[in-house]
2 protein chains.
Amino acid sequence: MKFSARFEYALLALLYLKCEPDESPISGRVLSEKLSLPYRFLEQILTDLKKAGLVRSVRGYHGGYRLAVEPEEISLYDVFRVTEGKLEPYNCGEGENGDRCGQSHNMCVISSFYDDIKDTMTNLLKSYTLDKLCQASRNMGAPKAAPAANV
Amino acid sequence: MKFSARFEYALLALLYLKCEPDESPISGRVLSEKLSLPYRFLEQILTDLKKAGLVRSVRGYHGGYRLAVEPEEISLYDVFRVTEGKLEPYNCGEGENGDRCGQSHNMCVISSFYDDIKDTMTNLLKSYTLDKLCQASRNMGAPKAAPAANV
DNA sequence: ATAATTTACATCGAATCGATAGGAATTATG
DNA sequence: CATAATTCCTATCGATTCGATGTAAATTAT
Ligand code: FES
Ligand code: FES
């Protein structure tokens, strides 16, 4: 189970926008260079983030991106929804008939497990806000344990 | 976030083997018919389950599959490991240098979130055993609410 | 007018996924 | 021994997804 590159890139970009609060917006080009991420690809992601209302964009000469809402209000759940789509484990189309499990959805053993997964993931994702992550990042100034020098 | 068909098929097969404990092993053919699953594909999955030691197989004329361990001992974590691979959210190769986040792994904000996800998922998956699921399935004998008859 | 930028599409290559197929090895039964 | 039923191994296919690149148009300060 892996998270997509989209998710990580979006998160890194948002963290950068938050941790470097500037007067002028930050351009996609600068963002991609600072984070060493592919320029075009990152812009796609930023566009998605904009559609979702997480960032705001300014076009033209000194344009760029900035956060659209307060960083306490942006949770990893929001980022997830933008980059990974719906958090729906069901393979059966929920409302309709379960074609895979062969049973009707409300009689399916698996569905109760899926419900659990869905709730748990949702809660976990919502518990991480951009703000907390940025604070944690600051507290990491010094690495936990310096790796032993080799030789 | 979806679970693979492999996961569901494996789970359905294991549940069948558990809930229909028989003297003679159950063949892949029968299993696929009872569960309405594609024969060849299911056998691939059963082979994987066997390699993982969850089922035992008997070859030849009256051959087939049966559970290899007690159903209390089989958790969804085991099934997950077989069908979905490692539960490693990290995109950076953990031990090595983080190529995506650009930081060393023990200084990466994202890694702490990934650790959390990993632990949470692991615990949740381990909390579901084959036995519990089968009991739940029995308790579902009567549907919660009969869907309204149309017309 | 010009340069820098966002924005929208189109496409590409690789990987993954569900599924199918052929054939070899194994084993009870006659 | 011959046969039928079965597991098992491996190859492949078609579709989809994913990360990434490219092109070109719209927007805006200077
Ligand atoms: S029928 Fe919906 S999960 Fe089984
Ligand atoms: S460096 Fe490992 S998750 Fe960021």
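Presented here is a report on the structure given in the accompanying data block. (Residues numbered from 1 in each chain as written. Chains lettered and ligands numbered in written order. Predicted model: local features only at pLDDT ≥ 70, side-chain atom pairs only at ≥ 80, totals over all residues. Heavy atoms only, no water.)

1. A few points about the overall build of chain A
In plain terms, the rule: Secondary structure elements are defined from DSSP: runs of H or I of at least 4 residues count as helices, runs of E of at least 2 residues count as strands, and each element is numbered from the N terminus. We call a residue buried when its accessible area falls under 20% of the maximum for its residue type, exposed when it is over 50%, and partly exposed in between, using a 1.4 Å probe and counting protein chains only. What makes two residues a contact is simply this: any of their non-hydrogen atoms within 4.5 Å. All accessible-area figures derive from a Shrake-Rupley calculation using a 1.4 Å probe, and residue coverage is judged against the displayed protein chains alone.
Counting secondary structure elements, chain A contains 6 helices and 2 strands. Along the chain direction, N to C, the helices and strands of chain A fall in the order α-α-α-β-β-α-α-α. Split into buried and exposed, the 151 residues of chain A put 44% on the buried side. Nonlocal contacts in chain A, meaning residues at least 24 apart in sequence, comprise 62% of its contacts between residues at least 6 apart. Accessible area of chain A: about 8,300 Å², with a carbon and sulfur share of 47%.

2. Observations concerning the packing of helix α1 (residues 5–19) of chain B against helix α4 (residues 76–84) of chain B
Residues and elements named next belong to chain B. Note the threshold: Fitted lines through C-alpha atoms serve as axes, helices being fitted only where they are in contact, and the angles separating the N-to-C directions of these axes extend from 0 to 180 degrees. Between 65 and 115 degrees an angle is taken as roughly perpendicular, under 35 as roughly parallel, over 145 as roughly antiparallel, and anywhere else as oblique. Crossing handedness: left-handed means the near helix sits turned counterclockwise from the far one by under a right angle, and right-handed means the same turn made clockwise. All amino acids are sorted into three groups, where Ala, Val, Leu, Ile, Met, Phe, Trp, Tyr, Cys and Pro are nonpolar, Asp, Glu, Lys and Arg are charged, and the leftover types, Gly among them, are polar.
Running from N to C, α1 and α4 point in directions that differ by 135 degrees, and their axes come no closer than 9 Å. Comparing their axes, α4 and α1 come out oblique. Judged by the sense of rotation from one axis to the other, the crossing of α1 with α4 is right-handed. Residue-level inspection shows Arg6, Phe7, Ala10, Leu11 and Leu14 of α1 in contact with α4, the latter providing Leu76, Val79, Phe80, Thr83 and Glu84. In terms of residue class, the contact of α1 with α4 is made up of 7 nonpolar, 1 polar and 2 charged.

3. A look at the relation of the copies chain B and chain A
Note the cut-off: The copies were overlaid with a least-squares fit restricted to C-alpha atoms from residues scoring a pLDDT of at least 70 in each copy.
Superposing chain B onto chain A takes a rotation of 180 degrees combined with a translation of 0.0 Å along the rotation axis, leaving an RMSD of 0.1 Å. The two molecules are tied by a two-fold rotation axis, judged by turn and shift. The fraction of interface residues of chain B whose copies in chain A are also interface residues reaches 100%, indicating that both copies meet through the same surface.

4. Section: the protein's contact with DNA strand D
Definition in use: Throughout this document, a residue counts as near a molecule or strand when at least one of its heavy atoms sits within 4 Å of that molecule or strand. Pairs of N or O atoms are called polar contacts if they sit within 3.5 Å, as long as, within protein, a hydrogen donor faces a hydrogen acceptor (for residues adjacent in sequence, only side-chain-to-side-chain pairs).
The environment of DNA strand D is formed by 27 residues, the closest being Ala5, Arg40 and Gln44 of chain A together with Gly28 and Ser57 of chain B. Backbone atoms, meaning sugar plus phosphate, form 59% of the atoms of DNA strand D positioned within 4 Å of the protein. At a separation of 2.4 Å, a phosphate oxygen of DNA strand D approaches a polar side-chain atom of Ser57 of chain B. In this structure, Tyr65 of chain B approaches DNA strand D through a side-chain N or O atom, which is 3.4 Å from a phosphate oxygen. Of all elements in the fold, only α1 (5–19) and α3 (39–51) of chain A together with α3 (39–51), β1 (55–58) and β2 (64–67) of chain B reach the threshold of two or more residues within the surface near DNA strand D.

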